[in-house]
Amino acid sequence: MDTTDTSWSIESLHTLYKISSTINSARTRQELLSDFLDVFSRNTEVPASLVRLLADDGWMEIVSGFGIGKAQLEKFHKTPIDGGMFSRSSEVVTESNEAFLRDIVKDDSLSVYTIPVRCDGRTLGLINIYTETRKLSAEIHRLWLAAGEHLGQALDKFTEDAEQKQQLIQNERNIIANELHDSLAQTLASLRFQVRVL
């Protein structure tokens, strides 16, 4: 693959714009994932794709799919970690050899590529692309990497926003608890004072 050409075609720039616009308009994490994959897959003209994210239990979880039946997505909901993607440079889109990916979409005419979903050097998951393309151009390679990076940054922002929201809720609860405590303490002190007066 020739990586010396760094120019972008109008089509690729248009695809990146649509991806960015989709990411920015998503209100929920699931909306982000499904809309991203839909826009990405339709604009890159791939028949099928899926997003797998790291789960807390040490597996990867299929969180969104395009062009793949719901039954297949549920059957392969938890998948093994592709350890190789987590040890490679973030500048790599590779053809995948994970056998279960062939079981998800049973079409031997399609190649399966793996795109890292990363943010700040951390791999959050993978995008698997099923395509008729056998050899990636440098531009497609850059476009797919940029899409994975955009998705990684958006997922990280959703996680950060959820944590901040949770912290705000906890802070509000603490304020209310303190106010209740102070109010009760003042009432008890007032009652004690009134009892002493009597």
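Placed above this text is the structure.
These lines cover the structure that appears in this document, whether it is placed above or below. (Residues numbered from 1 in each chain as written. Predicted model: local features only at pLDDT ≥ 70, side-chain atom pairs only at ≥ 80, totals over all residues. Heavy atoms only, no water.)

1. Some thoughts on the nonpolar core
Alright, step 1. The biggest cluster of nonpolar side chains holds 32 residues, and the ones touching the most others in it are Phe-36, Ile-127, Trp-144 and Leu-151.
Alright, step 2. Of all the secondary-structure elements, those providing two or more residues to this core are helix H1 (10-25), helix H2 (29-43), strand E1 (48-54), strand E2 (60-66), strand E5 (111-119), strand E6 (122-131) and helix H6 (138-197).
Alright, step 3. Here Ile-127 is in contact with Phe-36, Leu-37, Leu-50, Val-51, Tyr-113, Thr-114, Ile-115, Val-117, Gly-148 and Leu-151, once residues within four sequence places are set aside.
Alright, step 4. Grouped together as the second largest cluster of nonpolar side chains are 13 residues, Val-105, Leu-110, Val-112 and Tyr-130 included. (Core = buried A, V, L, I, M, F, W, Y, C linked by side-chain atoms within 4.5 Å. Buried < 20%, exposed > 50% of the residue type's maximum accessible area, 1.4 Å probe, protein only. Helix = DSSP H or I, 4+ residues; strand = E, 2+ residues; numbered from the N terminus. Contact = heavy atoms within 4.5 Å.)

2. Let's talk about a nonpolar patch on the surface
Alright, step 1. Together, Trp-8, Ile-10 and Leu-13 line one region of the surface with nonpolar side chains, adding up to about 300 Å² of accessible area.
Alright, step 2. Checked against the element boundaries, Leu-13 lands in helix H1.
Alright, step 3. Overall, Leu-13 belongs to the partly exposed group, its relative accessible area being 42%. (Patch = residues over 30% accessible without salt bridge, like charges linked within 9 Å, V, L, I, M, F, W, Y side chains within 5 Å. Areas by Shrake-Rupley, 256 points an atom, 1.4 Å probe, with all protein chains shown as cover. Salt bridge = Lys/Arg side-chain N within 4 Å of Asp/Glu carboxyl O.)

3. A closer look at unusual backbone geometry
Alright, step 1. With a phi close to 55°, Glu-45 is a non-glycine residue in the positive phi region.
Alright, step 2. Structurally, Glu-45 can be placed in the loop between H2 and E1.
Alright, step 3. When its relative accessible area of 68% is taken as the criterion, Glu-45 is described as exposed.
Alright, step 4. The backbone phi angle of Asp-120 is positive, close to 50°, even though this residue is not glycine.
Alright, step 5. On the secondary structure map, Asp-120 appears in the loop between E5 and E6.
Alright, step 6. The class of Asp-120 is exposed, set by a relative accessible area of 70%.

4. Regarding the sheet that holds E6
Alright, step 1. In space, the six strands of this open sheet follow the order E3-E2-E1-E6-E5-E4, with antiparallel pairing throughout. The outermost strands of the open sheet, each flanked by one partner alone, are strand E3 (78-79) and strand E4 (94-95).
Alright, step 2. Taken together, the six bridges between E1 and E6 define a ladder with antiparallel strand orientation. Across the sheet, residue Ala-48 finds its bridge partner in E6, namely Tyr-130.
Alright, step 3. Across the sheet, H6 is in contact with E1, E5 and E6; its angle to E5 comes to roughly 45°. (Pairing = 2+ DSSP bridges. Axes fitted to C-alpha atoms, helices over the stretch in contact; angles between N-to-C directions.)

5. What about H2?
Alright, step 1. The first and last C-alpha atoms of H2 sit 21 Å apart over 15 residues, in line with the 21 Å expected at 1.5 Å per residue.
Alright, step 2. Within the span of H2, buried status applies to Glu-31, Leu-32, Leu-33, Phe-36, Leu-37, Val-39, Phe-40 and Ser-41.
Alright, step 3. Summarising the contacts, the buried residues of H2 are in contact with H1, E1, E2, E5, E6 and H6.
Alright, step 4. After H2 finishes, the residue Glu-45 shows a positive phi value of roughly 55°. (Expected span 1.5 Å × (residues − 1).)

6. Things to note about the side chain of Arg-52
Alright, step 1. Of note, Arg-52 is situated in strand E1.
Alright, step 2. Here Arg-52 falls in the buried class, since its relative accessible area comes to 0%.
Alright, step 3. Among the polar contacts listed, one links the side chain of Arg-52 to the side chain of Thr-79, at a separation of 3.1 Å.
Alright, step 4. A polar side-chain atom of Arg-52 sits 2.8 Å from a polar atom in the side chain of Glu-98. (Polar contact = N/O pair within 3.5 Å; in protein donor to acceptor, adjacent residues only side chain to side chain.)

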